[in-house]
Every structure is written in structure tokens, then in C-alpha cells.
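Breakdown of the fold
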Amino acid sequence: MSIEISQLSKRYGATLAVDSVSVNFYEDDQVVALIGPSGGGKSTLLRLLGGLESPDSGKVILDGSAVPAEEEALRQFRMGNGFLFQSFNLFPHLSAIENISLPLVKVHGWAENDATDRAKEIADRFGLVEHLEKSPGQLSGGQQQRIALARAVAHKPGLLFLDEPTSALDPEMKAEVLDLIEELRLSGQRIVLSTHEMGFAKRSSDKVLFLSGGRNLESGQSAAVFENPQSKELRDFLAKVMKW
Amino acid sequence: MKKFVSLFVSVVLSVTFCFIVWVVLGHDYQWELIQPYWGNLFSGWLTTLGVSVAALLLSVVIAFVLTAGQLSDYRVPRFLSRIYVEFIRGTPLLAQILIGYYMIADFIGWDSRFGVGVVILSGFSGAYLAEIFRGGVESVSSSQWLSARAIGLTEGQTYRHIIVPQAVRRVLPASAGQFANLIKDSSLLFVISVHEFTMQAREVNSNTYAAFEAYIPMILGYLLLTFPISMLSRFLEKRYHYEH
Ligand SMILES: Nc1ncnc2c1ncn2[C@@H]1O[C@H](COP(=O)(O)OP(=O)(O)O)[C@@H](O)[C@H]1O
Ligand SMILES: [Mg+2]
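Residues numbered from 1 in each chain as written. Chains lettered and ligands numbered in written order. Predicted model: local features only at pLDDT ≥ 70, side-chain atom pairs only at ≥ 80, totals over all residues. Heavy atoms only, no water.

Attention now moves to the overall build of chain B. Regarding its fold elements, chain B presents 9 helices and 0 strands. Put simply, chain B runs from its N terminus to its C terminus through helices and strands in the order α-α-α-α-α-α-α-α-α. C-alpha atoms of chain B, sized along the principal axes, occupy 70 × 60 × 30 Å. Each of the 244 residues in chain B was classed as buried or not, and the buried ones make up 38%. Contacts in chain B between residues at least 24 apart in sequence constitute 76% of all its contacts with a sequence separation of at least 6. Roughly 14,100 Å² of accessible area belongs to chain B as shown, and the carbon and sulfur atoms make up 70% of that amount. Within chain B, the 15 negative side-chain charges are centred at a point lying 14 Å from the centre of the 17 positive side-chain charges. (Helix = DSSP H or I, 4+ residues; strand = E, 2+ residues; numbered from the N terminus. Buried < 20%, exposed > 50% of the residue type's maximum accessible area, 1.4 Å probe, protein only. Contact = heavy atoms within 4.5 Å. Areas by Shrake-Rupley, 256 points an atom, 1.4 Å probe, with all protein chains shown as cover. Lys, Arg positive; Asp, Glu negative; His and termini not counted. Charge placed at Lys NZ, Arg CZ, Asp CG, Glu CD.)

In C-alpha cells, the structure reads:
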């Protein structure tokens with residue numbers, strides 16, 4: 001996808017979470033990664049890109065069309081995409097399979113049967129079949145995140161937004177979830193993600209955007225940015241996260 | 001110090017308990033005195049049950065309206081519901097019964113004591129239930145709203161499929177407790193001569209001067225109604241804790 005962001009700002013009280021960010025990724029990239037220190041504004045920017053929040057000023061153009069401002073148009077926009085959060089955010093009163101099928105039925109108007117079949121199909125692909133009847137509270141973090149990922153991709157979203165999809169997981173579960181994301185990428189899924197997994201960002205993303213203090217401090221082709229960081233902030237950040 | 005306090009409390013409670021048992025057991029019961037009035041007591045008990053069940057149903061409806069008002073996006077319903085809830089919770093039920101019957105019902109020319117009693121009690125209990133319901137809705141975390149928005153549910157669908165089902169589980173124990181309160185509070189309706197349980201017991205007492213024989217069955221009759229509810233409330237509370 002192409003991403004054009006101009007002078008985008010979002011404030012929470014006294015905090016300028018996103019501070020006049022501009023970026024022009026004109027090419028048709030498949031994966032774009034947001035990196036940077038905690039509190040740098042990655043989640044906020046991702047929510048703005050995904051239409052979950054509205055900016056105070058500035059605008060976003062994805063694939064040539066502006067992210068809408070009016071609520072119903074925004075909802076239509078979100079319906080076409082998928083979103084995954086750091087903290088899974090499954091619906092605790094529904095079983096795993098209901099978590100996956102509910103949006104298909106209620107939002108996309110599928111028949112119950114078709115939605116259930118689709119949920120099973122994805123669960124099979126994600127290695128979750130034996131967990132489908134469980135409620136989220138009975139699943140491990142990694143399983144919950146895989147269910148949440150299944151929910152986010154069940155309707156074949158145009159764009160998949162992932163907000164630190166593995167930050168809340170143990171190393172082993174991280175690997176499981178990263179494997180699935182990589183598999184989605186290889187099958188052609190277009191992804192915008194924020195992550196602390198520098199190895200993954202370096203290997204799998206086409207473009208990268210380094211956010212710190214709400215500002216875009218460096219951005220461009222991943223290969224170039226990771227090999228040859230220009231700003232002192234990014235060099236320090238990479239040195240710190242690569243150290244261990 | 002702590003030990004001393006708990007010892008003191010234990011002694012005071014034990015002595016009080018023994019004293020009550022001694023008074024109750026030591027009384028020279030003459031059940032034949034109230035023999036002719038068992039029917040009155042039973043009809044009073046049934047009236048209390050009837051008032052309570054009717055008021056339960058109506059108070060749930062009132063509470064729904066008030067909760068919707070308080071959570072509304074618009075100022076006027078929010079303000080009106082708030083005023084109503086504060087007024088009801090800030091004044092004694094006895095005063096509400098007197099005003100409701102002698103001023104309002106009299107003004108509109110409605111003289112069914114039972115009907116007026118049910119409405120006043122429902123208006124009273126509804127305000128408390130509304131606070132419980134609002135707390136339940138607000139206790140569902142904002143991340144659930146975010147997920148629901150992310151998958152494209154409308155606000156109405158989010159309430160219906162995500163927020164309300166979770167809120168209901170949380171408010172059930174407290175709502176059951178409020179129902180037990182409703183049963184006890186219905187005893188105040190004797191001031192407008194609703195022939196409920198307390199009023200019947202008072203009449204039996206004034207006709208026979210057999211206070212023990214009139215009031216002990218009354219106490220047991222109330223417990224018969226409230227005890228199962230209190231058990232149910234505890235059970236629901238436990239189950240809720242277990243689920244989370
Ligand atoms: N909903 C919110 N309310 C208040 N402050 C927020 C909210 N979301 C983010 N912030 C603040 O905005 C800044 C950026 O946060 P965030 O976008 O979560 O950064 P990151 O995802 O890079 O860690 C932080 O200072 C954070 O405390
Ligand atoms: Mg974040």
C-alpha cells in the first residue's frame with residue numbers, strides 16, 4: 001500500500017502523542033513497520049492509520065484515498081481492514097470460535113454456518129482447532145493472540161494493522177505468532193505493524209518509520225534505514241535494543 | 001490491641017445473641033391467640049410477594065430507561081436521569097411513599113393502594129438498580145469498545161453483543177441483593193394501608209396483644225423470601241469471581 005501522512009497530530013491532555021508526523025511512502029509496499037521507544041507514539045499512529053481514532057489535525061491517505069473523518073464512513077473503512085492489539089482484546093464472554101465468527105455474521109452479514117465454517121478453516125490453518133470451544137480465559141497468551149489474529153483476518157482484510165502483536169508474550173509464544181504473521185505476509189497480506197522485534201522488522205518490512213516523542217525522526221526503505229541509520233536517536237535506539 | 005478488640009466484639013455479640021434467644025425462647029407462647037389470624041398473615045405474605053414481584057419487574061424497566069438516559073450522548077436525558085436518581089437516593093422511602101400517595105396519586109385521582117405502592121417502590125428501587133447497571137456497563141473495559149470498533153460493529157451492536165452481556169454477569173449479584181432490599185422495603189407500604197405482611201402482623205398484634213406470636217412468624221416469613229435470594233446472590237458472586 002502507499003501511505004501519505006501530512007502534518008498529523010494527536011494530543012491526549014498535555015501529551016502530544018503524535019506530533020506533526022509527515023511521511024510519503026508512494027510505492028506499493030507490502031509491509032510497513034513502525035519502530036521506536038515505548039511511549040513514542042506507535043500505537044497512537046497505528047490507531048489513526050486504522051481509523052480507530054481521529055486526528056486533531058493533519059491527514060492520512062492510504063492507497064490514494066483519504067482515511068475518512070465521518071463516523072459511518074470510518075466504520076466502513078475499518079470493516080475492510082483488520083486490527084490486532086498488543087493485549088489480545090478478545091471478547092471474554094464468547095468462545096474462541098464465536099470471537100472469530102461474530103464479526104463475520106454481525107458486521108459482514110454472513111450466514112451463521114458460513115461464518116462457523118470459515119472460523120474452523122482459519123483455526124485449522126492457525127493450529128487452533130482443539131481450542132475453538134474454549135473461552136479466552138482458558139487459553140494461554142499465545143493462543144489468545146492467535147485467535148485474535150484469526151478474528152482480524154477472517155474476512156480477508158485489505159490491510160492488517162498489528163500493534164506490537166508479540167510484546168505481551170513469552171519468547172516461545174512470540175515465535176508462534178511471528179511465524180503466523182510471516183505466513184500471512186508470504187500469502188500476500190498487506191500489513192502495517194508496530195513492533196519491538198527488530199529482527200522481524202528488518203527482515204520482513206519494506207518500509208520503516210522510526211517514531212520517538214511522537215515525531216518521525218527517520219523513515220524510508222527498511223534495508224537502508226537499518227543498515228545505515230542517519231539520526232543519532234535511531235543509532236542509539238538500535239544499539240540499545242540489539243544489545244541483548 | 002487487635003486481639004482485644006476481636007475478643008470484645010465476640011463477647012458483645014455472643015451476649016446479645018444469648019439475650020435474644022433467652023427472650024424469644026423464654027416467652028410463654030399462646031399460639032391459640034392468633035389462631036383465627038393465620039389466614040390474614042398468609043394473605044399479607046402473599047401481598048408482599050405480589051408487590052415485590054410486580055415492583056421487581058417494573059423497577060428493571062425503570063432502571064433500563066434511567067441507565068440509557070445516564071449513558072446517553074445527549075445532555076438532556078443525562079441530566080434528567082441524574083436528577084431523578086439523586087432525588088430518589090437522597091430522600092427517605094417513607095417520604096416518597098407519603099408524597100407519592102397523598103400528593104401525586106391523589107392529584108391524578110388514582111386510589112389503588114396496591115398499584116400506587118408498586119409504582120412508588122419501583123421508582124425507588126429502579127434508581128438504585130440504575131446505579132448498579134451503570135456501574136456494570138462502565139466496568140466493561142474500554143479495550144472492549146476499541147476491539148468492537150476495530151471489527152466494525154456499530155455502537156448499538158457493541159452494546160447488544162459485547163457490553164450488555166458482560167455487564168449483566170457483573171450486575172447480577174448486586175441486582176439480586178437489591179431485590180432482597182425491595183422485599184424488605186415493601187414493609188413501609190403499611191403507612192398507606194397496603195395490606196402487606198407487616199401491616200397484617202401489626203393488626204394481629206393490636207387485636208390480640210400477642211406481639212411475639214404475631215411478629216415472630218412475620219420475621220420468619222420475610223427470611224423465607226430474602227434468604228434464598230441472598231444465597232443466590234452469593235452464588236452468582238462466586239461464579240463471577242471464578243470466571244475472571
Ligand atoms: N488513550 C490515551 N490517553 C492518554 N494518553 C495516551 C493515550 N494513548 C497514548 N497516550 C500517551 O501518548 C504517548 C504515546 O503513546 P503510544 O502511542 O501508546 O506509544 P507507543 O505505542 O509507542 O508506546 C504516551 O505518552 C502515552 O502515555
Ligand atoms: Mg504501544
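Next comes the rest of the write-up.
All names here are of chain A. For ligand 1, the full set of nearby residues is Tyr12, Thr15, Ala17, Pro37, Ser38, Gly39, Gly40, Gly41, Lys42, Ser43, Thr44 and Arg47. One nitrogen or oxygen atom from the side chain of Lys42 is found 2.9 Å from an oxygen atom belonging to ligand 1. Interatomic distance of 2.5 Å between a side-chain N/O atom of Thr44 and an oxygen atom of ligand 1. When isolated, ligand 1 has an accessible area of 560 Å², and the protein chains bury 61% of it. Where the shell around ligand 1 is concerned, the elements lending two or more residues are strand E2 (15-25) and helix H1 (42-49). For the shell around ligand 1, the leading source of residues is H1, giving 4 residues. Its residues placed into classes, the shell around ligand 1 shows 3 nonpolar, 7 polar and 2 charged. (Near = heavy atom within 4 Å. Polar contact = N/O pair within 3.5 Å; in protein donor to acceptor, adjacent residues only side chain to side chain. Nonpolar A, V, L, I, M, F, W, Y, C, P; charged D, E, K, R; others polar.)

With 20 residues of chain A at the interface, the matching set in chain B holds 17 residues. Together, the buried faces of chain A and chain B total about 1,700 Å²; carbon and sulfur atoms form 61% of this surface. Of all residues in chain A, A:Phe91, A:His93 and A:Lys106 bury the most surface against chain B, accounting for 32% of the area lost on that side. Where chain A meets chain B, there are 1 salt bridge. Among the salt bridges present, the one from A:Glu71 reaches B:Arg149, with a minimum N-O distance of 3.7 Å. Put simply, chain A and chain B have 8 residue pairs in polar contact (both at pLDDT 80 or more) between them. Elements that contribute at least two residues to the side of chain A that touches chain B include exactly helix H2 (71-79) and helix H3 (96-106) of chain A. In terms of residue count, H2(A) provides more of the side of chain A that touches chain B than any other element does, 4 residues in total. Residue classes in the side of chain A that touches chain B are distributed as 10 nonpolar, 3 polar and 7 charged. (Buried area = accessible area lost by both parts, 1.4 Å probe. Salt bridge = Lys/Arg side-chain N within 4 Å of Asp/Glu carboxyl O.)

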